[in-house]
Amino acid sequence: MKTLFQDVRYGVRQLVRIPGFTLTAVLSLALGIGATTSVFSVVWGFLVDTYPYAHADRMVHLRTDTGKGNPNGMSLTAGQWQQIRTSPVVEDAFLADQWNLTVTGSDLPEDVSADFFSSNAFQYFGVPPAFGRGLLPSDAVDGQDPQPVVVLGYKFWQRHFGADRSVLGKTIQMVRKNYTIVGVAAKRFTWDDADVYLPKKITQDQVPAYYVGIRLKPGVSKAAAEAALDPLIHQFAQQTPKHFPTVPFHLKLRGFNDDFLERLGGVPYLLFGAVSMLLLIGCGNVSILLLARASTRGQEFAVRSAVGASRSRIIRQLLTEALLISLTGAAVGVAIAYKALDWIVANLPPNSIPHEATFQINVPVLLFSMGMAIATGVLFGLWPAIQVSRPDFSHIMQSTSRKVAGSVAGRRFHGALIASQLALTLLMLASAGAAIEGFLHMLHMNLGYDPHNVMSVGIPVHEGT
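Since we're looking at a predicted model, the values are computed, not measured.

A. Spatial organisation of the overall build of the protein. Counting secondary structure elements, the protein contains 13 helices and 12 strands. Counting across all 465 residues of the protein, residues that qualify as buried make up 42%. Considering only residue pairs separated by 6 or more positions, the protein has 80% of its internal contacts joining residues 24 or more positions apart. Here the protein displays about 24400 Å² of accessible surface, and carbon together with sulfur accounts for 62% of that area.

And the structure:
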């Protein structure tokens, strides 16, 4: 251990003496690790761990496709919702209706977004509440007035009640009606970004129509489900023609994440590919710097060998210095990854990703990036260490130059590293150019109208009680 500490202290002194080399090597690794980890964490949160719902990969929206652009949303009556639940390809379906309510009974009224759910909705989503309970079948018996109970959204609970866990059993008045608080939804349960969730009265009225989400049975593909449900949907269109297009259409099932994926296209994959190449280029930079640095120290190690330093001692010293660079770069890279992730999430375009998505540093990718950086330090610190640990004393001591010409194999190896780095850099530049071209195309896309000085205004409407 004493020898190890000596190697570390000597290595630190050597690296401090050459700040240009040290900073270049450390920043090359740190930027590669930080960028790769942060971007992949965003891609992972967007593509893999998007929704907290159980079996979210089998949850789909019902759309009508007329062949004239993006499929449009579909609304069904309560009776049609009950009928579609019995389909052999459907495991479960829920009904939802969104309204704006006003919190009354206090000095300052507050407008809140309310989702009225069928009583099976919380079982459909399969997300346990933060505490308390969700809606139960007994809260809304078909044909009867629902129970005056409410489940608070997590953010609304924090904002309106100051995250007080004693709210269970208390009442909240909305539109002059008291509701008993029975639970608080999970933090990631943000369906429709609603503030409160209430049970919906189910009737056989053919006039009102609602959003219906379905979950397919295991093993049923979207294409098979579309073929099975399309005749039923057209039957619904004959029953309630005002709820469906007047032109021919067919059923289209859309996964919860499909719209977001189409909107972004291949941008997430392109970004991750670009930063991965940045990590490879950073490792290539460090490898070349370590090889170049080792080649300039031939005289130093020749003198150390002449005064009794063993070959293993020299190898250990060079390896220690390489590991110091790798570990420092990895540590700085971790800090960059956390800061970069916060910056990326804060600057994502509004509504470009699902609100349920959460972004955290992806530990496996972070460990892989750090391992790759450390392996680079070990490999390219060890290889030159083995070479210079057997110096040619006569050639080195008689040389008036500080640099010692390497072997033919060494020059070829250096050339291969430089060629690889140039190839990766050109590929990264081409990818960056393609990404910029795609962004410019999106910015100049013809929307069919002039969006300047145009804004959308929502008008709260209260459901009749």
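B. Region of the structure containing the layout of surface pockets. Of the pockets and cavities examined, the second largest pocket occupies roughly 660 Å³. Around the second largest pocket, the lining is made up of 25 residues, and of these His-61, Trp-191, Asp-192, Tyr-211 and Phe-260 lie nearest the centre. When contributions to the lining of the second largest pocket are tallied by element, the ones reaching two or more residues are strand E1 (59–65), strand E4 (90–103), strand E11 (210–216) and helix H7 (258–264). Grouping the constituent residues of the lining of the second largest pocket by class yields 11 nonpolar, 8 polar and 6 charged.

C. Layout of the side chain of Asp-92. With respect to the element layout, Asp-92 can be found in strand E4. When its relative accessible area of 11% is taken as the criterion, Asp-92 is described as buried. In terms of polar contacts, Asp-92 uses its side chain to reach the side chain of Asn-120, at 3.2 Å. In this structure, Asp-92 is in contact with Arg-85, Asn-120, Tyr-124, Gly-213, Ile-214 and Arg-215, ignoring residues within four places of it in sequence.

D. View of helix H2 (residues 19–47). For H2, which comprises 29 residues, the first-to-last C-alpha distance of 41 Å matches the rise-based estimate of 42 Å (1.5 Å per residue) to within 8%. Of all 29 residues making up H2, 21 are buried, and the element is well covered by its neighbours.

E. Fine view of the packing of aromatic side chains. Evaluated as defined, the whole model comprises 27 aromatic pairs. Both rings, one in Tyr-53 and one in Phe-125, keep their centres 4.7 Å apart while their planes meet at 45°; by these two values the pair is tilted. Separated by 72 residues along the polypeptide, Tyr-53 in the loop between H2 and E1 and Phe-125 in helix H4 (residues 121–125) bring together distant segments of the chain. Summarising the burial analysis for this pair, Tyr-53 and Phe-125 share the class buried. Measuring from centroid to centroid gives 5.9 Å for Phe-244 and Phe-249, while their planes differ by 15°, and the two rings are stacked. With a relative accessible area of 11%, Phe-249 lands in the buried category. Through successive ring pairs, a cluster of aromatic residues spans Tyr-51, Tyr-53, Phe-94, Phe-117, Phe-122, Tyr-124, Phe-125, Phe-189, Trp-191, Tyr-197, Tyr-211 and Phe-256. Positioned over the ring face of Phe-131 is Arg-165, at 4.3 Å from the centre of the ring.

F. Representation of the pairing of strand E7 (residues 149–152) in the model. Going residue by residue along E7, you find Val-149 and Val-151 tucked away on one face and Val-150 and Leu-152 tucked away on the opposite face as well. Taken together, the 4 bridges between E7 and strand E9 (residues 177–184) define a ladder with parallel strand orientation. Each bridged residue has a counterpart across the sheet, and for Val-150 the counterpart in E9 is Ile-181. Relative to strand E10 (residues 196–199), E7 runs antiparallel, the two sharing 2 bridges. Its bridge partner lying in E10, Val-151 is registered against Tyr-197.

G. Summary view of the pattern of salt bridges. Applying the stated criterion across every chain yields a total of 10 salt bridges. Note that Asp-195 and Arg-159 form a salt bridge whose closest N and O atoms lie 3.5 Å from each other. Of this pair, Asp-195 sits in the loop between E9 and E10 while Arg-159 sits in helix H5 (residues 154–161), and the two are 36 residues apart along the sequence. The closest approach of N and O atoms between Lys-170 and Asp-164, which form a salt bridge, is 3.8 Å. Taking the relative accessible area as the measure of exposure, Lys-170 reaches 40% and is therefore partly exposed. Overlapping salt bridges, with partners in common, bring together Arg-58, Glu-91 and Arg-215 in one network.

H. Inspection of a nonpolar patch on the surface at higher detail. A surface patch of nonpolar side chains, amounting to about 290 Å² of accessible area, comprises Leu-23, Leu-27 and Leu-31. Structurally, the position occupied by Leu-27 is in helix H2. Classification of Leu-27 by relative accessible area gives partly exposed; the value is 43%.

I. The side chain of Thr-190, seen in detail. Looking at where Thr-190 falls in the secondary structure, it is placed in the loop between E9 and E10. Aside from chain neighbours lying at most four places away, what touches Thr-190 is Tyr-53, Tyr-197, His-355 and Glu-356.

J. View of the pairing of E4. Counting buried residues in E4 gives 10 out of 14 residues, a clear majority hidden from the surface. As judged from the 6 bridges shared by E4 and E11, these two strands associate in the antiparallel manner. What sits directly across from Val-90, in E11, is Leu-216. Judged from the 8 bridges that link them, E4 and strand E5 (residues 110–117) form a sheet pairing that is antiparallel.

K. Inspection of helix H6 (residues 222–239) at higher detail. Over its 18 residues, H6 extends 25 Å from the first C-alpha to the last, a length consistent with the 26 Å expected when each residue adds 1.5 Å. Its maximal kink placed at Leu-229, H6 deviates by approximately 40°, while the proline Pro-231 follows within four residues. Regarding H6, the residues found buried are Ala-225, Glu-226, Leu-229, Asp-230, Leu-232, Ile-233, Phe-236 and Ala-237. On the buried face of H6, the contacting elements are strand E3 (75–76), helix H3 (78–84), E4, E11 and strand E12 (250–255).

L. Region of interest: the confidence of the model for the protein. Residues with a pLDDT of 70 or more make up 80% of the protein, whose mean pLDDT is 80. When the criterion is pLDDT under 50, residues 400–406 qualifies, and its contacts beyond four places in sequence or with other chains add up to 9 contacts.

The rules we used
Residues numbered from 1 in each chain as written. Predicted model: local features only at pLDDT ≥ 70, side-chain atom pairs only at ≥ 80, totals over all residues. Heavy atoms only, no water. Helix = DSSP H or I, 4+ residues; strand = E, 2+ residues; numbered from the N terminus. Buried < 20%, exposed > 50% of the residue type's maximum accessible area, 1.4 Å probe, protein only. Contact = heavy atoms within 4.5 Å. Areas by Shrake-Rupley, 256 points an atom, 1.4 Å probe, with all protein chains shown as cover. 1 Å grid on protein atoms, 1.4 Å probe; cavity = no way out; pocket = protein on both sides within 12 Å on 5 of 7 lines; lining within 4 Å. Points joined across faces, edges and corners; volume = space filled by probe spheres on them. Nonpolar A, V, L, I, M, F, W, Y, C, P; charged D, E, K, R; others polar. Polar contact = N/O pair within 3.5 Å; in protein donor to acceptor, adjacent residues only side chain to side chain. Expected span 1.5 Å × (residues − 1). Phe/Tyr/Trp six-rings, centres within 6.5 Å; stacked < 30°, edge-to-face > 60°. Lys NZ or Arg CZ within 6 Å of the ring centre and 35° of its normal. Pairing = 2+ DSSP bridges. Salt bridge = Lys/Arg side-chain N within 4 Å of Asp/Glu carboxyl O. Patch = residues over 30% accessible without salt bridge, like charges linked within 9 Å, V, L, I, M, F, W, Y side chains within 5 Å. Bend = angle between axes of the 7 residues up to and from the residue. pLDDT = per-residue confidence, 0-100.

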